[in-house]
Amino acid sequence: MGEIFKIRKFCASCTGNHLETIWEFGDTPLAGYFPKPSERNGQNMIPMTLIGCSDCGLVQILQDISDSWLFKDYRYISSIGMAQHFLNFGEWFESQSYTDKAIEILEIGCNDGPLLEVLRNSGYNPIGIDPALNIVKIAHTKGLNVINDFFSIDTVNKYSFIKKYDVVISCNSFAHISEIRAIAEAVSLALKNTGHFIVEVQSIAALLESKAIDFIYHEHKYYYSIQTLSNLMKQFGLHLVDGSLIETHGGSYRLVFVKGREKPSLSIEEMIRNESNIDLTFPQITKGISNFIETIKSISDYLNREFNSGKRIIAFGASGRGNILLHNLNISNILKYVLDESPERVGRLMALSGIPVEDFSELDEADYDICIILAWNYSEAIQKKWHHKNKLLITPLPQMTFYRT
């Protein structure tokens with residue numbers, strides 16, 4: 001597999017070398033690491049340092065994990081937990097000017113294809129590309145047109161994508177790619193002269209506001225503001241013309257770039273103004289992480305007290321952020337197991353802790369007293385699934401909240 005990571009010496013966006021340390025997290029597990037019991041090892045513990053570029057403002061991870069290492073055993077399935085989001089995306093897409101069902105659409109990082117499926121059901125004929133073979137196989141079982149490969153300048157040439165597409169889409173994949181300059185250039189090459197690039201990325205402003213620091217991990221290599229993403233795209237002839245706020249991952253942007261020139265919408269101009277009033281300086285990010293660490297300690301103290309009083313504690317959400325939360329909470333010794341609904345994770349272990357992942361559908365009411373919801377951004381939906389009586393559900397963030405079923 002080669003080296004697991006390399007240290008950044010230059011900003012991934014502007015190539016500047018004025019990089020500032022924001023926070024040293026120390027050895028941290030790979031969030032996407034869910035080993036089988038027989039495969040557990042210590043290879044997933046890797047130093048993690050959050051840095052910022054003083055030249056363009058992009059926040060990024062110093063240790064750049066190789067893409068081949070990250071995607072060799074990828075366990076995230078978009079269809080689980082994100083189905084409604086992609087239905088909403090499809091409705092939004094049709095409400096825009098994309099009325100011609102014959103337009104050429106490419107989704108990069110399409111995962112198991114929930115958006116492709118929505119678009120196909122609406123009469124479009126989209127194609128996807130994704131590097132995770134096990135996930136692409138799931139997309140193929142749905143009859144979706146998905147290429148198993150990394151999206152790059154090489155693949156744009158390899159598959160004759162040059163100036164082929166009216167629309168290129170990236171939903172929650174643009175933070176995972178090492179060579180973002182090359183990918184931005186590849187998007188520009190793949191688009192027709194008037195083509196649009198639609199990208200969804202987590203908002204660093206929303207991340208700080210919601211204390212979603214558990215979203216900071218190696219796989220999320222970049223933390224974008226509207227300005228830093230726009231700075232990157234401009235270098236390759238892609239100009240920001242529209243955007244909206246969406247709820248995914250604690251708060252994200254859906255931004256539209258055009259290859260060519262169009263007048264920016266009033267909504268994107270307002271979003272840019274609003275973001276300019278938010279303190280996104282590196283010291284403010286440091287303060288936000290420090291507050292997160294204090295919050296995590298209070299949650300850990302509470303759960304340990306409950307455990308010592310005889311309460312049986314489980315968790316819900318074998319996600320990347322679940323791995324990071326457990327790492328920070330340091331409560332592996334008090335959790336019986338973590339529940340999940342994904343067949344890609346049930347039967348495996350959480351990173352580092354070795355806590356087993358069990359099937360939510362088989363949860364026994366008599367087996368626990370308290371459940372902490374690690375996937376706290378889906379807390380409301382998870383609560384609606386809960387039918388057991390007199391059980392305590394805890395949402396840890398943005399602040400610890402209690403629900404009695």
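Here the structure is shown first, and the text comes after it.
Computed from a predicted model, the values in this text were never measured in an experiment. (Residues numbered from 1 in each chain as written. Predicted model: local features only at pLDDT ≥ 70, side-chain atom pairs only at ≥ 80, totals over all residues. Heavy atoms only, no water.)

A. Inspection of the overall build of the protein at higher detail. The helix and strand inventory of the protein stands at twelve helices and 19 strands. Taking 2.2 N^0.38 as the reference for a compact globule, 405 residues should give roughly 22 Å; the C-alpha atoms of the protein span a radius of gyration of 21 Å, in line with that estimate. Considered along the principal axes of its C-alpha atoms, the protein spans approximately 65 × 45 × 45 Å. Here the protein holds 405 residues, and the buried ones make up 55% of them. Contacts in the protein between residues far apart in sequence, at least 24 positions, make up 68% of those at least 6 positions apart. For the protein, the computed accessible surface area is about 17100 Å², with 50% contributed by carbon and sulfur atoms. For the protein, the centre of its 38 positive side-chain charges and the centre of its 47 negative side-chain charges are spaced 1 Å apart. (Helix = DSSP H or I, 4+ residues; strand = E, 2+ residues; numbered from the N terminus. Rg over C-alpha atoms; globule rule 2.2 N^0.38 Å. Buried < 20%, exposed > 50% of the residue type's maximum accessible area, 1.4 Å probe, protein only. Contact = heavy atoms within 4.5 Å. Areas by Shrake-Rupley, 256 points an atom, 1.4 Å probe, with all protein chains shown as cover. Lys, Arg positive; Asp, Glu negative; His and termini not counted. Charge placed at Lys NZ, Arg CZ, Asp CG, Glu CD.)

B. A look at the sheet that holds strand β8 (residues 146–148). One open sheet accounts for seven strands, arranged β8-β7-β6-β9-β10-β13-β12; its pairing is mixed. A single partner strand is all that each edge strand has here, and the edge strands are β8 and β12 (238–246). Strand-to-strand twist across the sheet, computed as the mean angle between neighbouring axes with direction ignored, equals 20°. Examined bridge by bridge, strand β6 (residues 105–108) and strand β7 (residues 127–130) share three bridges and lie parallel to one another. Along β7, the bridge assignment pairs I108 with I129. (Pairing = 2+ DSSP bridges. Axes fitted to C-alpha atoms, helices over the stretch in contact; angles between N-to-C directions.)

C. Structural detail: the pairing of strand β18 (residues 392–395). Neither face of β18 is open: one carries L392 and I394, the other L393 and T395, and all of them are buried. Of the crossover connections in this fold, the one passing from strand β17 (residues 370–373) over helix α12 (residues 379–385) to the parallel β18 is right-handed. The pairing of β18 with strand β19 (residues 401–404) spans four bridges and is antiparallel. Looking at β19, one finds that I394 is bridged to F402. Between β18 and β19, which follow one another and run antiparallel, lie five residues. (Right-handed = clockwise from strand over helix to strand, strands pointing away.)

D. Quick peek at the packing of helix α10 (residues 282–308) against helix α11 (residues 320–329). Where α10 contacts α11, the two axes come as close as 9 Å, and the packing angle between them is 75°. Our classification of the angle between α10 and α11 gives roughly perpendicular. Mapping the contact onto sequence places F292, I293, I296, I299 and S300 in α10 and L325, N328 and L329 in α11. Across the contact of α10 with α11, the residue classes tally to six nonpolar, two polar and no charged. (Parallel < 35°, antiparallel > 145°, perpendicular 65-115°, else oblique. Nonpolar A, V, L, I, M, F, W, Y, C, P; charged D, E, K, R; others polar.)

Worth remembering: the numbers are spatial, not functional.
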